[in-house]
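Each chain is listed here by its residues.
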Amino acid sequence: LLVGAPQALALPGQGANRTGGLFACPLTAEPSDCWRVPIDEGGQMGPGVGGSRGWGPGGADPSPRPAVDPQRESKENQWLGVSVKSQGPGGKIVTCAHRYEVRHRVRQPLETRDVIGRCFVLSQDLRVRDELDGGEWKFCEGRPQGHERFGTCQQGLAAAFSPDRRYVLLGAPGTYNWKGTVRVEQLNQSSLDLLRPDAGPFEAGGEKDQDPSLIPVPANSYFGFSVDSGPGLTRRQQLSFVTGAPRANHTGAVVILRRDSANRLVAEAVLAGHQLTSAFGHALAVLDLNSDG
């Protein structure tokens, strides 16, 4: 059992008091054998960090990690573990810290602190194993700043995998003045996969367009607060993506999205909430009642 603890105390190398964390709890008769998954221990993680050290429950990483540079990032109250998803046996795990902060020009007149969020993808043994794994899942990094653009993305408040195991879904409800967005990225990045027309990435508003008018909810809707996907929701055999926007029009809404030829996620249907302040779309799950798609 994987357990997110977004208010857990920081590890020594994280340069913070509370960072959150991910815990692994073996399903045994012993109720106190949970252990903290060793991720996000120091500064920026590069590819392959931790991939072959052979340490896990009760172990310790023998090699030093780079310290957090407060001029570049902050992990204080980043809420690591706010979302946790698994692909199941043999698959990947994703967990996110939606309040992770990048910094520029600290203590200077034009200082910026952007709460972009970040996610960590791990292999089944809860380690960084290949080029897909690690903490470099930060699609808002390097984009235009400010709350009206990507300065408060809060990526990872919701995360999920597609049922075909090809994609990871990342909700970023703080984007575009808290209108929000959803991004879908491919996991199976072999050379052949990258040539497929549905390789992505796909993004509501468009990765290139970055046009919030393409997202069918108003500002402060929190589009991307919940995410899921499934085939056959609108068209047989076609994979659809679903997201909740619990503050849309003061009632909340759920939007069913499809991929278009320009690598955008575009709305096929909008399900509106019926009651004021009901937060319709706060959480959701795709279900196939009769197993026929």
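Small disclaimer: the values here were computed from a predicted structure and weren't measured.

Visitor: What is the right way to read the state of the cysteines from this model?
Guide: Chemically, a disulfide is nothing more than a covalent bond linking the sulfur atoms of two cysteines. In this structure the tally under the stated criterion is three disulfides. The disulfide partner of cysteine 140 is cysteine 153, and the S-S distance across this bridge is 1.9 Å. Judged by the torsion about the S-S bond (-85 degrees), the cysteine 140/cysteine 153 disulfide is left-handed. One end of the pair, cysteine 140, is in the loop between strand E10 (134-137) and strand E11 (158-161); the other, cysteine 153, is in the loop between E10 and E11, with 13 residues separating them in the sequence. With respect to burial, cysteine 140 and cysteine 153 carry one shared label: buried. Along the chain, the cysteines engaged in disulfide bonds are linked according to the scheme 1-2, 3-4, 5-6 when indexed in sequence order.

Visitor: I tried to follow the sheet that holds strand E6 (residues 93-97) on my own but got confused; where do I start?
Guide: Sheet strands pair by backbone hydrogen bonding; their relative direction is either parallel or antiparallel. The sheet built from four strands is open, its strands ordered E5-E6-E9-E10 with antiparallel pairing. Both outer strands of the open sheet, strand E5 (80-86) and E10, are each paired with one neighbouring strand and no more. When strand polarity is set aside, the average angle formed by the axes of neighbouring strands in this sheet is 30 degrees. Pairing analysis gives five bridges linking E6 to strand E9 (residues 118-122), with the strands arranged antiparallel. When the bridges of E9 are listed, alanine 97 appears paired with arginine 118.

Rules used in this analysis
- Numbering of residues starts from 1 in each chain and follows the order in which that chain's sequence is written.
- pLDDT decides what is reported in this predicted model: residues at 70 or higher carry local features, side-chain atom pairs at 80 or more are listed and counted, and totals for whole chains, interfaces and linings draw on all residues regardless.
- Side-chain descriptors were evaluated using all non-hydrogen atoms of the structure, hydrogens and water having been removed beforehand.
- Cysteine sulfur atoms that come within 2.5 Å of each other are treated as a disulfide pair.
- The helix and strand labels rest on DSSP assignments: H or I over at least four residues marks a helix, E over at least two residues marks a strand, and numbering proceeds from the N terminus.
- The cut-offs for exposure are 20% and 50% of the maximum accessible area for each residue type, with area from a 1.4 Å probe on protein chains only; residues under the lower value are buried, those over the upper are exposed, and the others partly exposed.
- For two strands to count as paired, DSSP must find a minimum of two bridges between them.
- A fitted line through C-alpha atoms represents every axis, and for helices the fit uses only the stretch in contact; the resulting angles, taken between N-to-C directions, go from 0 to 180 degrees.

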